[in-house]
Amino acid sequence: MNAYVQRVFDGLKARNPQEKEFLQAATEVLEALSPVFDKHPEYEKIGLLERFVEPDRIIMFRVPWVDDQGQVQVNRGFRVQFNNAIGPYKGGLRLHPSVNLSVIKFLGFEQVLKNSLTGLPIGGGKGGSDFDPKGKSDNEVMRFCQSFMTELFKYVGKDEDVPAGDIGVGAREIGYLYGQYKRITGLYEGVLTGKGLTWGGSLARKEATGFGLCYMTNAMLRKHGLSFEGKRVVVSGSGNVAIYAAQKATELGGLVVAMSDSNGYVVDEKGIDLAVVKQIKEVERGRIKEYAARVPGASYTEGFRGIWTVKCDIALPCATQNELDLDGAKALVASKCFAVCEGANMPTTLEATQYLQQNGVYFVPGKAANAGGVAVSALEMSQNSLRLSWTFEEVDTRLHGIMENIFKAIDSAAKEYGQEDNYVTGANIAGFLKVANAMVAHGCV
Ligand code: NDP
Ligand code: 2IT
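Just so we're clear, the structure is a prediction, and the values are computed from it rather than from any experiment.

Criteria and thresholds
- Residues numbered from 1 in each chain as written.
- Chains lettered and ligands numbered in written order.
- Predicted model: local features only at pLDDT ≥ 70, side-chain atom pairs only at ≥ 80, totals over all residues.
- Heavy atoms only, no water.
- Pairing = 2+ DSSP bridges.
- Helix = DSSP H or I, 4+ residues; strand = E, 2+ residues; numbered from the N terminus.
- Axes fitted to C-alpha atoms, helices over the stretch in contact; angles between N-to-C directions.
- Near = heavy atom within 4 Å.
- Polar contact = N/O pair within 3.5 Å; in protein donor to acceptor, adjacent residues only side chain to side chain.
- Areas by Shrake-Rupley, 256 points an atom, 1.4 Å probe, with all protein chains shown as cover.
- Nonpolar A, V, L, I, M, F, W, Y, C, P; charged D, E, K, R; others polar.
- Buried < 20%, exposed > 50% of the residue type's maximum accessible area, 1.4 Å probe, protein only.
- Arc of directions from axis to C-beta.
- Contact = heavy atoms within 4.5 Å.

1. What to know about the sheet that holds strand β9 (residues 299-302)
Inference 1: Strand order in the open sheet formed by seven strands is β9-β8-β7-β6-β10-β11-β12, with mixed pairing between adjacent strands. Two strands in the sheet have a free side with no partner beyond their single neighbour: β9 and β12 (362-364). Averaged over neighbouring strand pairs, the angle between their axes works out to 15° when direction is ignored.
Inference 2: One ladder, built from three bridges, connects strand β11 (residues 339-341) with β12; its direction is parallel. What sits directly across from C341, in β12, is V364.

Written out as structure tokens, the structure reads:
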């Protein structure tokens, strides 16, 4: 590793010893960026990397709310505003019991590079809470969201910081958050994306991450003379990203044979029936296990990690960080899987990524492969500014173009740095250079 990069990395580890997810993301990014610093020694004098790895600010706050029994509950809220060199902070809010500062920092850091790759004017940020929406009533979720926004509204705005959904945050939560923002500020503005279609949302935002993932996968496969046609596809998760990835993979000719949630996975050799998954997950907020009870011939297995033992050609991890570990990677290689494209953020551990790449599996990291969601969020911001709405086809066509462009950018950056087909290197370098140029132009800030 370049000596300057190594020194900054050592400092980062010493200062944040408990932040294991953040350090994991930083390891991948800094290793990939090392050759950029060999080429640009002038970056050291201006402390570019020290500034790049330190968030602009971290906001942490108490979120008190009253449950249905009248008992006061307290959660912790976060917003990490990581970097706004190329546009207002932009990134989702995650509600999950595993949320802590390390998780939000890793997500915010990745978001800076991802948002740059979209080619749109958006900086990077992320937020959320350790609140668990599972098993909560609509009223409890509403009271939580109102309390969360009562603090967060001070730090966000359409030109300042624009949150959106992530794990545990969908249309319901965005609605409650938006209602409270509007009530407190009196502003009807595009402060959040993923809004409902009658109040400023964009068509195709719901589908965007999953569709975009398949457009990216397709672009990458095409380069290698491959396609989805007739291929077995495994999609982990069964939330927003997973459902629309499975839908587009099927439309492109793939056979999606397995999906999961945090409890286990289902296999359906005839191809997953997405109408059943949507009914269970989007309407009933139920468990994937139900699928096997409703669809003849389908089976359910406890434990979400087992999904990688299902034989496939293409794997699309779309659940959460570190869901695909070395054992999973070995199982995929053994079953001759040839492509892994990340719908989730950092779903593959560092060891698993290395193993897949060393065994010739084409691997596209989340910051490039799942950028379609935030790209359409940025298109939602554009539509809000214009005060009009585009058709589904118009947004989908733009999304398709953006994903094709990201593939070209990461492919050529990898080539330029002598690592053709290493899309981890390509994505990090291509995403970084644009942000770095803006930071240089803005001086020491
Ligand atoms: P959802 O909440 O809609 O779905 C999450 C899915 O992942 C569920 O099936 C959930 O299962 C599973 N999951 C969550 N946590 C765990 C865990 N600890 N172990 C195993 N499974 C888990 O979220 P999204 O679909 O929106 O997000 C999925 C991933 O995609 C995340 O990494 C997110 O950061 C990323 N992403 C999302 C974007 C978006 O636009 N929504 C954009 C880009 C990336 P269960 O129901 O059992 O919890
Ligand atoms: O990880 C992500 O890119 C998201 N959760 C979407 C962020 C957004 O602002 O749409």
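Anyway, onward from the coordinates.
2. Some thoughts on the site of ligand 1
Inference 1: Near ligand 1 lie 27 residues; those nearest to it are D166, T209, S262, R287 and N345.
Inference 2: In the model, an oxygen atom of ligand 1 is placed 2.4 Å from a nitrogen or oxygen of the S262 side chain.
Inference 3: Protein chains bury 87% of the 890 Å² of accessible surface belonging to ligand 1 in isolation.
Inference 4: Put simply, the parts of the chain that give the shell around ligand 1 at least two residues each are α8 (205-223) and α9 (240-251).
Inference 5: The class makeup of the residues in the shell around ligand 1 is six nonpolar, 13 polar and eight charged.

3. Here's the deal with helix α13 (residues 350-358)
Inference 1: Among the residues of α13, A352, T353 and L356 are the ones counted as buried. Projected onto a plane normal to the axis of α13, the buried residues spread over an arc of 100° and lie on a single side.
Inference 2: Buried-residue contacts for α13 involve α12 (326-334), β11, β12 and α17 (423-442).
Inference 3: Residue G360 follows α13 closely and has a positive phi angle near 75°.

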